[in-house]
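Residue-level listing of the chains:
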Amino acid sequence: MTAELPQTDVWNGAVGGHWAAHHERYDAMLADFDSALFEAAAIRPTDRVLDIGCGAGPTTRRAARLARWGRALGVDISAPLLERARAALLPNLWYEQGDAQTHPFPESGFDVMISRGGVMFFADHRAAFANIARAVRPGGRFAFICPQPVDAQSVEARVFGRLAELRPLPPDPVTTAAHRAMASLCEPDRLREVLADFSQVAIRPVHAASVYGSDPEDAVDFVLSRGPRTEVAAEVRAAMAEVFTPYAGPLGVRLPSSVWLVTGVRP
Ligand SMILES: C[S@@+](CC[C@H](N)C(=O)[O-])C[C@H]1O[C@@H](n2cnc3c(N)ncnc32)[C@H](O)[C@@H]1O
């Protein structure tokens, strides 16, 4: 068996490049989860906030605004995404490039850790959360969201299953590595195991809508832009647009989506 592509290559290569080029779209896909995430994080004006896997920084910026007398640090392994993030700085906001599993965070340097889907990609999750726990002060807390197990009956799974039938793609190592990592923390028992350095761990489902485009055509453009083949026959394109049509409305193409919201406290 060949070794899987390391996540640093995934996020500094095709996947990270696509996220950087389409950062507003990816933000729209995840933004509906923000109210649950930020309510759980309960960031106070003087808090020092750590955002793990901050990507282009939308949640780090929001954290910095809430912690107006504190500060927010975003950490990410992806150079192209951090370049985007650094294009919109605030006085109490900064970014560092690094692997959060081993990054030399200041011990007890943060009151709260947040992450919007940035904690699933570690080589060793147990070690990574131990490193993050050291960075959070005793009594500090965390709140993050991560994917649930794929439910084959969910709207998202059915839509993407149908799109895959319409546009079969050869297996590709980047997509395989990204998908496998995305699913790495979807089981609650696994989450509790890797979060052993925290107490009061709570895992609950959050339901929201992921916006894939302004209309079905736009959603198809986005799906195709992910490659590896960006061109398809006109009739395939039309059939793909039809798959999105039932979910299109004045606020765009909105697919119902569910994640875990995970919270806990550093003892
Ligand atoms: C699904 S994206 C989420 C990005 C961002 N949180 C958002 O909501 O837009 C996952 C992010 O985790 C980052 N990442 C992956 N592995 C990482 C690691 N070991 N340490 C820090 N960041 C990592 C990726 O580069 C990517 O930006």
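- Where an unreviewed UniProt entry is consulted, the protein chain appears under the name Class I SAM-dependent methyltransferase, with the organism given as Streptomyces polyasparticus.

**Notes on the overall build of the protein chain**
Here is step 1: A count of helices and strands for the protein chain gives 12 helices and 8 strands.
Here is step 2: Based on the C-alpha atoms only, the size of the protein chain along its principal axes is roughly 60 × 45 × 35 Å.
Here is step 3: For the protein chain, the residues scored as buried account for 48% of the 267 residues in total.
Here is step 4: Of all intrachain contacts in the protein chain linking residues separated by at least 6 positions in sequence, the fraction that spans at least 24 positions is 76%.
Here is step 5: The centroid of the 27 positive side-chain charges in the protein chain is displaced by 6 Å from the centroid of its 31 negative side-chain charges.

**Some points on the packing of helix H3 (residues 23-30) against helix H11 (residues 216-225)**
Here is step 1: Two numbers describe how H3 lies on H11: the axes approach to 12 Å, and their chain directions differ by 115°. The orientation of H3 relative to H11 falls into the category roughly perpendicular. Here H3 and H11 pass one another in a crossing that is left-handed. Together, Arg 25, Tyr 26 and Met 29 of H3 and Asp 218, Ala 219 and Phe 222 of H11 make up the contact between the two elements.
Here is step 2: Partitioned by chemical class, the residues of the contact of H3 with H11 number 4 nonpolar, no polar and 2 charged.

**Topic: the environment of Asn 131**
Here is step 1: Within the fold, Asn 131 resides in helix H7 (residues 125-135).
Here is step 2: Placed 117 residues apart in sequence, Asn 131 and Ala 248 show a C-alpha to C-alpha distance of 43 Å.
Here is step 3: Those residues in contact with Asn 131, other than ones at most four positions away along the chain, are Ala 100, Gln 101, Thr 102, His 103 and Phe 105.
Here is step 4: Looking at Asn 131, its side chain comes within polar contact range of the main-chain oxygen of Ala 100, at 2.9 Å.

**Remarks on helix H4 (residues 34-41)**
Here is step 1: Of the residues making up H4, those classed as buried are Asp 34, Ala 36, Leu 37, Phe 38 and Ala 41.
Here is step 2: Of the surrounding elements, those touching the buried residues of H4 are H3, helix H5 (58-66), strand E4 (110-116), strand E5 (136-147), strand E6 (199-213) and strand E8 (252-265).
Here is step 3: Looking one or two residues past H4, Ala 42 carries a phi angle of roughly 45°, positive in sign.

**Structural notes on the nonpolar core**
What tends to happen in soluble globular proteins is that the nonpolar side chains get buried as a cluster.
Here is step 1: Among the nonpolar cores identified, the biggest contains 40 residues, and Phe 144, Leu 195 and Val 262 are the most heavily contacted of them.
Here is step 2: It is H7 that provides the largest number of residues to this core, a total of 5 residues.
Here is step 3: Filtering out sequence-adjacent residues up to four positions away, Phe 144 remains in contact with Leu 37, Met 113, Ser 115, Val 119, Phe 129, Leu 191, Leu 195, Trp 260, Leu 261 and Val 262.

**Remarks on the site of the ligand**
Here is step 1: By nearness alone, 18 residues border the ligand, and Gly 53, Asp 76, Asp 99, Ala 100 and Arg 116 come closest of all.
Here is step 2: Separating a nitrogen atom of the ligand from a side-chain N or O atom of Asp 99 is a distance of 2.8 Å.
Here is step 3: One of the backbone nitrogen or oxygen atoms of Ala 100 is found 3.0 Å away from a nitrogen atom of the ligand.
Here is step 4: Relative to its free-state accessible area of 590 Å², the ligand is covered by the protein chains to the extent of 98%.
Here is step 5: Here the residues of the shell around the ligand sort into 9 nonpolar, 6 polar and 3 charged.

**Some remarks on the state of the cysteines**
Here is step 1: Summed over all chains, the structure comprises 0 disulfides.
Here is step 2: Considering cysteine sulfurs only, Cys 146 is the nearest to Cys 54, which forms no disulfide, with 18 Å between them.
Here is step 3: In this model Cys 186 remains outside any disulfide bridge; the closest cysteine sulfur is found in Cys 146, 8.0 Å from its own.

**Side note on the UniProt feature "domain: Methyltransferase type" (unreviewed entry) in the protein chain**
Here is step 1: Per the UniProt record, "domain: Methyltransferase type" (unreviewed entry) is annotated on residues 50-144.
Here is step 2: What you have in residues 50-144 is 28% helix and 32% strand, and the ends, taken at the C-alpha atoms, are 11 Å apart.

**Points about the environment of His 207**
Here is step 1: Structurally, His 207 can be placed in strand E6.
Here is step 2: Since its relative accessible area comes to 59%, His 207 is described here as exposed.
Here is step 3: Taking C-alpha positions, His 207 is 9.9 Å from Leu 261, a pair spaced 54 residues apart along the chain.
Here is step 4: Setting aside residues no more than four positions away along its own chain, His 207 makes contact with Phe 33, Ser 257 and Ser 258.
Here is step 5: A distance of 2.7 Å separates the side chain of His 207 from the side chain of Ser 258, its partner in a polar contact.

**Quick word on H7**
Here is step 1: Of all the 11 residues making up H7, 8 are buried; the element is thus mostly covered by neighbouring parts of the structure.
Here is step 2: For H7, the full list of buried residues reads His 125, Ala 128, Phe 129, Ala 130, Asn 131, Ile 132, Ala 133 and Ala 135.
Here is step 3: Close packing links the buried residues of H7 with strand E1 (48-52), E4, E5 and helix H10 (188-194).
Here is step 4: Between the side-chain oxygen at the start of H7 and the backbone nitrogen of Arg 126 there is a gap of 3.2 Å, and the oxygen is on Asp 124.

What counts as what
- Residues numbered from 1 in each chain as written.
- Predicted model: local features only at pLDDT ≥ 70, side-chain atom pairs only at ≥ 80, totals over all residues.
- Heavy atoms only, no water.
- Helix = DSSP H or I, 4+ residues; strand = E, 2+ residues; numbered from the N terminus.
- Buried < 20%, exposed > 50% of the residue type's maximum accessible area, 1.4 Å probe, protein only.
- Contact = heavy atoms within 4.5 Å.
- Lys, Arg positive; Asp, Glu negative; His and termini not counted.
- Charge placed at Lys NZ, Arg CZ, Asp CG, Glu CD.
- Axes fitted to C-alpha atoms, helices over the stretch in contact; angles between N-to-C directions.
- Parallel < 35°, antiparallel > 145°, perpendicular 65-115°, else oblique.
- Left-handed = near helix turned anticlockwise from the far one by under 90°.
- Nonpolar A, V, L, I, M, F, W, Y, C, P; charged D, E, K, R; others polar.
- Polar contact = N/O pair within 3.5 Å; in protein donor to acceptor, adjacent residues only side chain to side chain.
- Core = buried A, V, L, I, M, F, W, Y, C linked by side-chain atoms within 4.5 Å.
- Near = heavy atom within 4 Å.
- Areas by Shrake-Rupley, 256 points an atom, 1.4 Å probe, with all protein chains shown as cover.
- Disulfide = S-S within 2.5 Å.
- UniProt positions renumbered as here; feature names shortened; annotations may be inferred.

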